[in-house]
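Notes for the structure review
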Amino acid sequence: MPQPNPDNRADNVEKLQEMVQNTIQNIEEAHDTMQFASEEEKENIKAKNARREESLEAMRSEIKDEYKQAHE
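Structure report, in brief. Because the structure is predicted, anything quoted here is derived from the model rather than measured. (Residues numbered from 1 in each chain as written. Predicted model: local features only at pLDDT ≥ 70, side-chain atom pairs only at ≥ 80, totals over all residues. Heavy atoms only, no water.)

1. Considerations on helix α1 (residues 12–33)
Our working rule: Strands here are runs of E lasting at least two residues and helices are runs of H or I lasting at least four, both read from the DSSP assignment and numbered beginning at the N terminus. Multiplying 1.5 Å by the helix residue count minus one yields the expected span of that helix. The rule is simple: take the accessible area with a 1.4 Å probe, protein chains only, and divide by the maximum for that residue type; under 20% is buried, over 50% is exposed, in between is partly exposed. Directions from the helix axis toward the C-beta atoms define the arc. The criterion used for residue contact is that any of the two residues' heavy atoms lie within 4.5 Å.
For α1, which comprises 22 residues, the first-to-last C-alpha distance of 31 Å matches the rise-based estimate of 32 Å (1.5 Å per residue) to within 8%. Of all the residues in α1, the buried ones are N12, V13, L16, V20, T23, I27 and A30. Buried residues along α1 cover an arc of 110 degrees about the axis, so they all sit on one side. The exposed set on the far side of α1, more than 90 degrees from its buried face, consists of E14 and Q21. Looking at the buried positions of α1, the neighbouring elements they touch are α2 (39–70).

2. A few points about the packing of α1 against α2
The criterion, for reference: Lines fitted to the C-alpha atoms define the axes, with helices restricted to the stretch that makes contact. Angles between their N-to-C directions range from 0 to 180 degrees. When an angle is under 35 degrees it counts as roughly parallel; over 145 it counts as roughly antiparallel; between 65 and 115 it counts as roughly perpendicular; any other value is oblique. Crossing chirality is assigned from the near helix's rotation relative to the far helix, an anticlockwise turn below a right angle marking it left-handed and a clockwise turn marking it right-handed. In this count, Pro and Cys sit with the nonpolar residues alongside Ala, Val, Leu, Ile, Met, Phe, Trp and Tyr, while Asp, Glu, Lys and Arg are called charged and the others, Gly among them, polar.
Two elements in contact, α1 and α2, have axes separated by 9 Å at closest approach and are oriented at 165 degrees. Classified by the interaxial angle, the pair formed by α1 and α2 is roughly antiparallel. Both α1 and α2 take part in a crossing whose hand is left-handed. Among the residues making up the contact of α1 with α2, the classes are represented as 12 nonpolar, seven polar and five charged.

3. Considering the pattern of salt bridges
Note the cut-off: Salt bridges are identified by distance alone: a Lys or Arg side-chain nitrogen within 4 Å of an Asp or Glu carboxyl oxygen.
All chains considered together, the criterion is met by three salt bridges. The residue K42 makes a salt bridge to E39 at a minimum N-O spacing of 3.6 Å. Taken together, the residues K42 and E39, both in helix α2 and three residues apart, mark about one turn of the helix. Residue K42 is classed as partly exposed on the basis of its relative accessible area of 22%.

4. Remarks on α2
Between the first and last C-alpha of α2 there are 46 Å, a value that for 32 residues agrees with the 46 Å anticipated at 1.5 Å per step. Considering only its buried residues, α2 is in contact with α1.

5. Thoughts on the nonpolar core
Keep this limit in mind: Working definition of a nonpolar core: buried Ala, Val, Leu, Ile, Met, Phe, Trp, Tyr and Cys residues. They are joined through side-chain atoms within 4.5 Å.
Grouped together as the largest cluster of nonpolar side chains are seven residues: V13, L16, V20, I27, L56, M59 and I63. Going through the elements one at a time, α1 and α2 are the ones with two or more residues in this core.

6. Observations concerning the environment of A37
As for its position among the elements, A37 is in the loop between α1 and α2. With a relative accessible area of 14%, A37 lands in the buried category. Those residues in contact with A37 that sit more than four places away from it in its chain are K42 and I45.

This is the structure we're talking about:
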């Protein structure tokens, strides 16, 4: 019977920071495309960016938790 992989959290903070950077980049790119978007598309972009902002808050909180756990 295969054994589950151990929970290797060593690089979680680094992975989360990369996810934060990618999400910020997506927000910026979406904002740039708004100038060429219809009103409906603009509303969709705004809603998606709002969800991205919420994700950023969650990721940043998780980074803090992971950092604390790694340095206990």
